[in-house]
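Descriptive structure summary
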Amino acid sequence: MRVTIYLPDHLAQEVEAYRKARPGLSLSALVRELLERELVKRPEALLEVAGLVERAELSAREHDALIREER
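Analysis parameters
Residues numbered from 1 in each chain as written. Predicted model: local features only at pLDDT ≥ 70, side-chain atom pairs only at ≥ 80, totals over all residues. Heavy atoms only, no water. Helix = DSSP H or I, 4+ residues; strand = E, 2+ residues; numbered from the N terminus. Buried < 20%, exposed > 50% of the residue type's maximum accessible area, 1.4 Å probe, protein only. pLDDT = per-residue confidence, 0-100. Salt bridge = Lys/Arg side-chain N within 4 Å of Asp/Glu carboxyl O. Patch = residues over 30% accessible without salt bridge, like charges linked within 9 Å, V, L, I, M, F, W, Y side chains within 5 Å. Areas by Shrake-Rupley, 256 points an atom, 1.4 Å probe, with all protein chains shown as cover. Phe/Tyr/Trp six-rings, centres within 6.5 Å; stacked < 30°, edge-to-face > 60°. Lys NZ or Arg CZ within 6 Å of the ring centre and 35° of its normal.

As recorded in an unreviewed UniProt entry, the protein chain goes by the name CopG family transcriptional regulator, listed as coming from Thermus parvatiensis.

Next up, the structure:
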């Protein structure tokens, strides 16, 4: 997927400083790393980011446990 994002100047400067301190780190890799880290903390956030739900009632773990109980 290709996505265009717009950053305020101050944030863009921070991103560039962060990348300069870590040679070889691409912007794509940085964004992937940060998104994966955030989505692992709160798996339901993936659905929210995708716009499929405004607020998930259950976390992914809670949903999985509920499905297992029903089986």
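Moving on to the overall build of the protein chain. Within the protein chain, the secondary structure is distributed over four helices and zero strands. Looking at the protein chain as a whole, 10% of its 71 residues qualify as buried.

Looking now at the confidence of the model for the protein chain. Fine structural detail should not be taken from predicted coordinates in areas where pLDDT scores are low. Put simply, the protein chain has an average pLDDT of 80, and 76% of its residues get 70 or more. The secondary structure element of the protein chain with the lowest average pLDDT is helix H3 (residues 45–50), at 67, and the one with the highest is helix H1 (residues 9–20), at 91.

Here we take up the pattern of salt bridges. Applying the stated rule across the entire model yields one salt bridge. When the shortest N-O distance is used, the salt bridge between glutamate 16 and arginine 19 registers 2.9 Å. Here glutamate 16 and its partner arginine 19 are both found in helix H1, three residues apart, which amounts to about one turn of the helix. Assessed through its relative accessible area of 36%, glutamate 16 is described here as partly exposed.

The next subject is a nonpolar patch on the surface. On the surface, Met1, Val3, Ile5, Leu7 and Leu11 cluster together into a nonpolar patch covering about 560 Å² of accessible area. Structurally, leucine 11 is set in helix H1.

Turning our attention to the packing of aromatic side chains. For the structure on display, the rule yields zero aromatic pairs. Lying over the aromatic face of tyrosine 18, arginine 22 brings its terminal NZ or CZ to 3.6 Å of the ring centre.

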